[in-house]
Structures are given as structure tokens and as C-alpha cells.
Amino acid sequence: MSENSTEVEETFETNEQGVAYTSESDASAEVSDRPATIAPAGGTGRRKESVARVRIVPGTGNWTINGRTMDSYFPNKLHQQVANEPFAALQLEGRFDVIARIHGGGIAGQAGALRLGVARALNDVDVDANRPTLKKAGLLTRDARVVERKKAGLKKARKASQFSKR
């Protein structure tokens with residue numbers, strides 16, 4: 001084992017062009033960026049008819065949504081994953097406590113609104129470090145799709161009764 005470590009050190013010294021320890025240099029860069037991200041922030045997210053007012057504070061990763069835990073408010077794991085997506089993109093799981101008030105819409109819309117609110121709050125914490133990652137993942141864009149209105153003479157927005165020639 002000691003022979004292998006000696007060979008690695010020699011390779012690093014002789015090879016001036018290549019970068020030998022990329023993972024170590026990335027880890028040090030991450031550590032220098034992360035201490036600045038400890039600050040409370042807030043954001044508002046909207047999706048369909050849902051509105052989420054989100055506040056994040058440094059903590060242990062507890063979620064409080066309308067006074068309930070994440071598991072009880074969103075029993076479906078997919079909705080939990082959607083809401084947690086901004087933290088996963090920035091690799092900040094467990095760094096912040098989330099307090100959110102959500103009203104309107106259904107479960108999927110509320111999860112989407114919570115995701116946008118969390119992403120906007122994380123963007124406020126450290127714009128220089130977090131914004132490029134969140135923007136590239138598409139987490140700062142409001143999903144503008146809403147239900148199309150019903151038209152007169154039709155059963156729904158586009159559904160018409162069956163056509164009869166005679």
C-alpha cells in the first residue's frame with residue numbers, strides 16, 4: 001500500500017501539465033463556497049391555482065407545511081421529491097428548515113408552488129453561488145400552464161358533442 005502512495009506522489013510531481021487530484025481541488029472549492037449560504041430567506045411560488053409562501057432558515061432539514069410535516073402533507077413520494085428538488089440540485093439537503101404556507105389548487109400544483117418558492121428563497125441566500133445551478137435546472141422559471149377556460153357551445157374547453165350530418 002505504501003508503494004502505491006509513493007508512486008502517486010511521484011506522478012504528481014513529474015506531471016506538471018495534468019491535474020492529479022481533481023476531486024480534492026473540487027472539495028476545497030465547495031467548502032469555501034458553502035459557509036456563505038447560511039442565512040434565512042423567503043420566497044413565493046405559484047403553480048396553477050396554488051400559492052406557496054416559503055421561509056427557509058438554517059437548521060437540520062425539518063419541513064413544516066401549514067403546521068404539518070412533509071410526510072403528512074405530501075404522502076406521495078413523488079410530490080416530496082418535487083418539493084425537495086432545489087436542495088438536491090444544490091446539494092444542500094439537511095442544511096435548512098423550511099416553513100411554508102400553501103393555499104389553493106391541488107396536491108401537484110401545491111408541490112410545484114413549493115418547489116418554486118424554495119428555489120427563489122435559495123436564490124436569495126446566495127445569488128452568486130446558487131443562481132446558475134438553479135437556472136440551469138429550470139427551477140427559477142414559473143410554470144405558466146393553467147387550465148383552459150370552457151367555451152360557449154362546447155361541453156368542456158375543447159370537447160364538443162358528436163357531429164351528426166342528418
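In what follows, the accompanying structure is described. (Residues numbered from 1 in each chain as written. Predicted model: local features only at pLDDT ≥ 70, side-chain atom pairs only at ≥ 80, totals over all residues. Heavy atoms only, no water.)

1. Considering the environment of methionine 70
Counting through the fold element by element, methionine 70 comes out in helix α3 (residues 70–73). Overall, the relative accessible area of 9% leaves methionine 70 in the buried class. Residues in contact with methionine 70, not counting those within four places in the same chain, are Trp63, Ile65, Gln80 and Ala83. (Helix = DSSP H or I, 4+ residues; strand = E, 2+ residues; numbered from the N terminus. Buried < 20%, exposed > 50% of the residue type's maximum accessible area, 1.4 Å probe, protein only. Contact = heavy atoms within 4.5 Å.)

2. Some words on the packing of helix α4 (residues 77–90) against helix α5 (residues 107–125)
Their axes nearest at 7 Å, the elements α4 and α5 cross at an angle of 15°. Taken together, the axes of α4 and α5 lie roughly parallel to each other. Here α4 runs over α5; the crossing is right-handed. Facing α4, whose interface residues are His79, Val82, Ala83, Glu85, Pro86, Phe87 and Leu90, α5 presents Ile107, Ala108, Ala111, Gly112, Leu114, Arg115, Val118, Ala119 and Leu122. Each residue belonging to the contact of α4 with α5 can be placed in one class, and the counts come to twelve nonpolar, two polar and two charged. (Axes fitted to C-alpha atoms, helices over the stretch in contact; angles between N-to-C directions. Parallel < 35°, antiparallel > 145°, perpendicular 65-115°, else oblique. Left-handed = near helix turned anticlockwise from the far one by under 90°. Nonpolar A, V, L, I, M, F, W, Y, C, P; charged D, E, K, R; others polar.)

3. Examining the nonpolar core
Counting 28 residues, the largest nonpolar core has Ile56, Trp63, Ile65, Phe87, Leu114 and Leu122 as the members making the most contacts within it. When residues of this core are assigned to their parent elements, the largest contribution, eight residues, is made by α5. Non-local contacts of isoleucine 65, meaning those with residues more than four positions away in its chain, are made with Met70, Tyr73, Phe74, Ala100, Ile102 and Leu114. (Core = buried A, V, L, I, M, F, W, Y, C linked by side-chain atoms within 4.5 Å.)

4. Concerning the packing of aromatic side chains
A full pass over the atoms with the stated rule returns three aromatic pairs. Judged by centre distance (5.8 Å) and plane angle (90°), the rings of tryptophan 63 and phenylalanine 87 are edge-to-face. With tryptophan 63 in strand β3 (residues 63–65) and phenylalanine 87 in helix α4, the pair connects residues that are 24 residues apart, well separated along the chain. Given the relative accessible area of 13%, tryptophan 63 is considered buried. Judged by centre distance (5.0 Å) and plane angle (90°), the rings of tyrosine 73 and phenylalanine 74 are edge-to-face. Of the two residues examined, tyrosine 73 and phenylalanine 74, each falls in the buried class. Among the aromatic residues, those joined into a ring-pair cluster are Trp63, Phe87 and Phe96. (Phe/Tyr/Trp six-rings, centres within 6.5 Å; stacked < 30°, edge-to-face > 60°.)

5. Examining the side chain of arginine 47
Looking at the element boundaries, arginine 47 is found in strand β1 (residues 41–47). Arginine 47 gets classed as buried once you look at its relative accessible area, which sits at 15%. A polar atom in the side chain of arginine 47 sits 3.5 Å from the side chain of aspartate 143. (Polar contact = N/O pair within 3.5 Å; in protein donor to acceptor, adjacent residues only side chain to side chain.)

6. With respect to α4
Look at α4: 20 Å from first C-alpha to last across 14 residues, which is about the 20 Å you get at 1.5 Å a residue. Its axis deflected by about 55° at asparagine 84, α4 carries its strongest bend there, up to four residues before the proline proline 86. Those residues of α4 hidden inside the fold are in contact with β2 (50–58), β3, α3, β5 (96–103), α5 and α6 (127–136). N-capping of α4 is provided by asparagine 76, with a side-chain oxygen placed 3.0 Å from the backbone N of leucine 78. In the stretch just after α4, glutamine 91 is the one whose phi turns positive, near 55°. (Expected span 1.5 Å × (residues − 1). Bend = angle between axes of the 7 residues up to and from the residue.)

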